[in-house]
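An overview of the molecular structure
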Amino acid sequence: GEIIVNKKRNMDEEKYTRRLRHIYKLIQKILKSDGKVILLFHEEREEIHRRLISILESLNYKLVRIEEKSMAQRLIGCRDRKLGRKLKIYILRIR
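This report concerns the structure included in the present document.

Definitions and cut-offs
- Residues numbered from 1 in each chain as written.
- Predicted model: local features only at pLDDT ≥ 70, side-chain atom pairs only at ≥ 80, totals over all residues.
- Heavy atoms only, no water.
- Buried < 20%, exposed > 50% of the residue type's maximum accessible area, 1.4 Å probe, protein only.
- Helix = DSSP H or I, 4+ residues; strand = E, 2+ residues; numbered from the N terminus.
- Pairing = 2+ DSSP bridges.
- Axes fitted to C-alpha atoms, helices over the stretch in contact; angles between N-to-C directions.
- Phe/Tyr/Trp six-rings, centres within 6.5 Å; stacked < 30°, edge-to-face > 60°.

Because side chains alternate across strand S1 (residues 37–41), one face comprises the buried residues Val 37, Leu 39 and Phe 41, and the other comprises Ile 38 and Leu 40, none of which is buried. Summarising the sheet, S1 and strand S3 (residues 86–94) pair through five bridges and their orientation is antiparallel. Each residue of the ladder has a partner; that of Phe 41, found in S3, is Lys 88.

With antiparallel pairing, the three strands of this open sheet are ordered in space as S1-S3-S2. The outermost strands of the open sheet, each flanked by one partner alone, are S1 and strand S2 (61–70). Averaged over all neighbouring strand pairs, the angle between strand axes comes to 20°, with direction disregarded.

Here we come to the packing of aromatic side chains. The final tally for this structure, using the stated rule, is two aromatic pairs. Measuring from centroid to centroid gives 5.8 Å for Tyr 24 and Tyr 61, while their planes differ by 90°, and the two rings are edge-to-face. Here Tyr 24 is found in helix H1 (residues 13–30), whereas its partner Tyr 61 is found in strand S2, with 37 residues between them in sequence. Taking the relative accessible area as the measure of exposure, Tyr 61 reaches 0% and is therefore buried. Seen in terms of ring centroids, Phe 41 and Tyr 90 are 6.3 Å apart; in terms of plane orientation they differ by 75°. Their pairing is edge-to-face. Here Phe 41, found in strand S1, pairs with Tyr 90, found in strand S3; they are 49 residues apart in sequence, far enough to count as distant. Overall, the relative accessible area of 7% leaves Phe 41 in the buried class. Residue classification places Tyr 90 among the buried positions, given a relative accessible area of 0%.

Fair warning: the whole summary comes from geometry, so function is off the table for now.
Structure (structure tokens):
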């Protein structure tokens, strides 16, 4: 699924953060002990990435690797064409 900050959908950054925490707690319950979590994160602001890593570490996830990919941005509505082209892939395990 997708969780995004979108004020039209009543999803501000605080609610977004709570939802992320909730989802990653659920994943912990079902992930096998040697399993991996792969998270695709489409956000270019580094402070948001730092917040995500902080959330994951507080939930006892260990960051194994981060990969960065470039991608073509779909032209839907008004968008800043300079942003939205980077995708980070987080590979995680539970400690």
